[in-house]
Amino acid sequence: QVQLVESGGGLVQPGGSLRLSCAASGSIFRLDAMGWYRQAPGNERELVAELTTVGRTSYADFVKGRFTISRDSAKKTVYLQMNSLNPDDTAVYYCNVVAATAWGTRAVDYWGKGTLVTVSS
């Protein structure tokens, strides 16, 4: 199986920055994509940013120009640099990877437990 360990959440003032990290480990044969989702109270989980192994990135409109996703392939780690944070960014942020655990198997989604980001003065 695949394990994901997230870190970097916390309390930050409006206009501040945070950097989230997510390290993947376990029986990983192939990583197709790594990304971040978030879920605010009362809302559905939504895509924040995603990065595929061929280098294609996608961002939600509400974070374009403020957040940057990157990865260290050797460490199987994905990062989310979040700048110009505002209270609407308050949510639990979840790491997501799409990975296959063996040759010939289908890649499936794996999720981290989430890290809370609170933007408040």
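What this report covers is the structure whose coordinates are included nearby. (Residues numbered from 1 in each chain as written. Predicted model: local features only at pLDDT ≥ 70, side-chain atom pairs only at ≥ 80, totals over all residues. Heavy atoms only, no water.)

1. Here's the deal with the sheet that holds strand β8 (residues 77–82)
How we decide: A pair of strands is labelled paired if DSSP reports no fewer than 2 bridges between them. Helix numbering and strand numbering both begin at the N terminus, where a helix is a DSSP run of H or I of at least 4 residues and a strand a DSSP run of E of at least 2. Working convention: axes come from line fits to C-alpha atoms, limited for helices to the stretch in contact. Angles between N-to-C directions cover 0 to 180 degrees.
With antiparallel pairing, 4 strands are arranged side by side in an open sheet as β1-β3-β8-β7. In the strand order of this sheet, the two ends are held by β1 (2–7) and β7 (67–72), each with one partner. On average, each strand axis in the sheet is tilted by 15° relative to the strand beside it, whichever way the strands run. For strand β3 (residues 18–26) and β8, the ladder comprises 6 bridges, and the chain directions are antiparallel. The partner of Arg 19 across the bridge, within β8, is Gln 81.

2. A short note on the pattern of salt bridges
This is how it is decided: Definition used for salt bridges: Asp or Glu carboxyl oxygen within 4 Å of a side-chain nitrogen of Lys or Arg. The cut-offs for exposure are 20% and 50% of the maximum accessible area for each residue type, with area from a 1.4 Å probe on protein chains only; residues under the lower value are buried, those over the upper are exposed, and the others partly exposed.
Enumeration according to the criterion identifies 5 salt bridges in this entry. Where Glu 46 meets Arg 38, a salt bridge forms, and the shortest distance between an N and an O atom there is 3.0 Å. Given the relative accessible area of 31%, Glu 46 is considered partly exposed. Notably, a salt bridge pairs Asp 89 with Arg 38, separated by 2.9 Å at the nearest N-O pair. With Asp 89 in the loop between β8 and β9 (91–100) and Arg 38 in strand β4 (residues 30–39), this pair connects stretches of sequence that are 51 residues apart. A relative accessible area of 2% means that Asp 89 is categorised as buried. For Arg 38, a relative accessible area of 6% puts it in the buried group. Residues joined by salt bridges that share partners form a network here, namely Arg 38, Glu 46, Arg 66 and Asp 89.

3. Regarding the pairing of β1
What you see with β1 is a clean split: Val 2, Leu 4 and Glu 6 sit on the buried side and Gln 3, Val 5 and Ser 7 on the side with no burial. Bridge analysis of β1 against β3 gives 6 bridges, and the strand direction is antiparallel. Across the sheet, residue Ser 7 finds its bridge partner in β3, namely Ser 21.

4. Brief notes about the state of the cysteines
What counts, and what does not: Note on terminology: disulfide denotes any pair of cysteine sulfur atoms within 2.5 Å.
If you walk through the whole model with that rule in mind, you get 1 disulfide. Sulfur-sulfur distance for the disulfide between Cys 22 and Cys 95 comes to 2.0 Å. Looking down the S-S bond of the Cys 22 and Cys 95 bridge, the torsion is -80°, so its handedness is left-handed. With Cys 22 in strand β3 and Cys 95 in strand β9, this residue pair connects regions lying 73 residues apart in the sequence. Here Cys 22 falls in the buried class, since its relative accessible area comes to 0%. Overall, Cys 95 belongs to the buried group, its relative accessible area being 0%.

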